[in-house]
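# Examining the three-dimensional arrangement
Residues per chain are reported as follows:
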Amino acid sequence: MANLKSLAKDTAIYGLSSILGRFLNYLLVPLYTAKMSAQSGGYGVITNMYALTALLLVLLTFGMETTFFRFANKEGENPQRVFSTALIGVTSAATLFFCLVLLFLAPVSQFLGYSETPQYVWVMAATVAIDAIRAIPFAFLRQQKKALKFAALQLLNIGINIALNVAYYVGLDGHDPGYAFYINMVCSAVVTLCLAKELTSLRHGFDTSLMRRMLVYAWPIVVLGIAGVLNQVADKILFPFVYPGDDMREQLGIYGACVKIAMIMAMITQAFRYAYEPFVFGKTRDQDNDTVQAQAMKYFVIFTLLAFLCVMGWLDVLKLIIPDAYRVGLCVVPIVMAAEIMMGIYFNLSFWYKLTDKTIWGALFSGVGCAVLIAINVFFVPHYGYIACAWAGFAGYGVAMTLSYIVGQHYHPIRYPLGAIIFYVLLAVVVWASMDYLHNCLPLWASLGYNSVAIICFVAIIIRKDLLKARK
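The following refers to the structure shown. Everything numeric here is computed off the predicted structure, so don't read it as measured data.

### A look at the overall build of the chain
Summing up its helical and strand segments, the chain has 21 helices and zero strands in all. For the chain, with 472 residues in total, the buried portion stands at 54%. Long-range pairs, those at least 24 residues apart, make up 84% of the contacts in the chain with a sequence separation of at least 6. For the chain, the exposed area adds up to about 20,300 Å²; of that, 68% sits on carbon and sulfur atoms.

Structural data, given as structure tokens:
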């Protein structure tokens, strides 16, 4: 229980920066959608470019975050040497990438559909290169249990970002989506400068032999990471290529704005990942590691289901962050949130192959899930639009999660409390179904009141059934 308390504390700190930061970023959604009408497609540009950035960041870090945790905790390895080798490797790759984009800016911009605004492309390339470089110092902070510094820098990034966005879009009454990219680049550069101490800790230099061993471990993680991020952003990248209508950017903007409402689940998953990954790798040799993983899985599912009910119960209030023209896409919110829950479960299930150095399995599971997602997008988006994007993510994560569980129980069986997990899933489905049914029968105030009482009852059951027992 003490281990779970430590994990919960770190998750709370990481969660503060992640959830608060994402919440503050939510304030940018009504700002962007108010300044960029759905018909203009401006928010569609932002949605598309940030999806590309997410994919490129995985490529440029090439699995070095997880690889760093693994090798820094291995017997006989010097954590400082592992850090400097990973940092120099990622910095070299990021610098080369940015130079190539500048060299081939015109053809790259034309291929992506931004031939008239190539500045969007080079600014995006500069930002993602900076973010890739700073990813390793951030991983080092997590490995060193410096959660407070990690959280402070993340919040600094968000604070500067919001201040500059408000200054341009409100103070100067701007409407150009490109300024969002310039602002993001400035924020990334400022926070990276704050990591100067970590960035200059390279006294151990670059160990070629160590990098070879790290790459052997990392390459399946890269495939896993590519597939994983494609499960999150492939729909937004593919949409311009497969959607046949002239209103492509308008439809993508609607989808992107509504998905933002569902992203509270991604916040919780990310906060949990930041704390859980170094925690599990640090406990590799502990006898109770499997037990802790099983209990952590249960509590993760419980609290993500609670988050799902809170968002769905108060969706009539949350939807006010976007203008009426964007709300037609709210039907994707429950689908995307359910997909994010499965993604979080899949992450929890991933440690059996990470801890046994069989990361090839992760590449296989994620690859199959990604193939399912891409196929659904390609075949169904032309007919059903962005609703197919949401179901594609649901199917992709579902397949990857199921495969990981089945194979994991064969190679590294862990006794997850399936009975308790299934109970809470069914309970959440019943509560949500009652909310949805009464939403059409009651006035808004009564519907919100019922939803609040139902959520409180769900929390009461959690406290009585699990939290009180855990304290005994």
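After presenting the structure, the write-up continues.
### Observations regarding the packing of helix H6 (residues 105-112) against helix H7 (residues 118-143)
Remark: H6 packs on H7, axes separated minimally by 9 Å, with the N-to-C direction vectors making an angle of 105°. It follows that H6 is roughly perpendicular to H7 by the angle criterion. On H7, the residues that touch Leu105, Val108, Ser109 and Leu112 of H6 are Pro118, Val121 and Trp122.

### A closer look at the layout of surface pockets
Here the largest pocket defines a volume of roughly 650 Å³. For the largest pocket, the lining is made up of 24 residues, of which Ile341, Met342, Ile345, Met401 and Val425 are closest to its centre. Its residues placed into classes, the lining of the largest pocket shows 23 nonpolar, one polar and no charged.

### A word on a nonpolar patch on the surface
A grouping of Ile374, Val378, Phe379, Phe380 and Tyr384 is seen on the molecular surface, where their side chains present a nonpolar patch of about 500 Å² in accessible area. Looking at where isoleucine 374 falls in the secondary structure, it is placed in helix H18 (residues 360-384).

### Some thoughts on the packing of aromatic side chains
Following the criterion strictly, the structure yields 25 aromatic pairs and no others. Taking 5.4 Å as the distance between ring centres and 80° as the angle between the ring planes, the aromatic pair formed by tyrosine 32 and tyrosine 169 counts as edge-to-face. Within this pair, whereas tyrosine 32 is found in helix H2 (residues 28-35), its partner tyrosine 169 is found in helix H8 (residues 147-171), the two being separated by 137 residues in sequence. Its relative accessible area of 5% is what places tyrosine 32 among the buried residues. Considering the side-chain rings of phenylalanine 308 and tryptophan 432, the 5.3 Å spacing of their centres and the 85° angle between planes classify their relative orientation as edge-to-face.

### A word on the nonpolar core
Counting 145 residues, the largest nonpolar core has Met64, Val333 and Phe458 as the members making the most contacts within it. The biggest single contributor to this core is helix H11 (residues 208-242), with 17 residues. Not counting chain neighbours up to four residues away, the residues in contact with valine 333 comprise Cys258, Ile261, Ala262, Val311, Met312 and Leu315.

### Regarding the environment of leucine 230
On the secondary structure map, leucine 230 appears in helix H11. On the accessibility criterion, leucine 230 (17% relative accessible area) is buried. Put simply, leucine 230 and serine 366 are 136 residues apart on the chain and 9.3 Å apart in space, counted from C-alpha to C-alpha. Here leucine 230 is in contact with Leu55, Cys370 and Leu373, once residues within four sequence places are set aside.

### Focus: the environment of cysteine 389
You can see cysteine 389 is positioned in helix H19 (residues 386-411). For cysteine 389, a relative accessible area of 2% gives the class buried. In the structure, cysteine 389 is positioned 57 residues away from valine 332 in sequence and 8.8 Å away in space, judged by C-alpha atoms.

Basis of the calculations
- Residues numbered from 1 in each chain as written.
- Predicted model: local features only at pLDDT ≥ 70, side-chain atom pairs only at ≥ 80, totals over all residues.
- Heavy atoms only, no water.
- Helix = DSSP H or I, 4+ residues; strand = E, 2+ residues; numbered from the N terminus.
- Buried < 20%, exposed > 50% of the residue type's maximum accessible area, 1.4 Å probe, protein only.
- Contact = heavy atoms within 4.5 Å.
- Areas by Shrake-Rupley, 256 points an atom, 1.4 Å probe, with all protein chains shown as cover.
- Axes fitted to C-alpha atoms, helices over the stretch in contact; angles between N-to-C directions.
- Parallel < 35°, antiparallel > 145°, perpendicular 65-115°, else oblique.
- 1 Å grid on protein atoms, 1.4 Å probe; cavity = no way out; pocket = protein on both sides within 12 Å on 5 of 7 lines; lining within 4 Å.
- Points joined across faces, edges and corners; volume = space filled by probe spheres on them.
- Nonpolar A, V, L, I, M, F, W, Y, C, P; charged D, E, K, R; others polar.
- Patch = residues over 30% accessible without salt bridge, like charges linked within 9 Å, V, L, I, M, F, W, Y side chains within 5 Å.
- Salt bridge = Lys/Arg side-chain N within 4 Å of Asp/Glu carboxyl O.
- Phe/Tyr/Trp six-rings, centres within 6.5 Å; stacked < 30°, edge-to-face > 60°.
- Core = buried A, V, L, I, M, F, W, Y, C linked by side-chain atoms within 4.5 Å.

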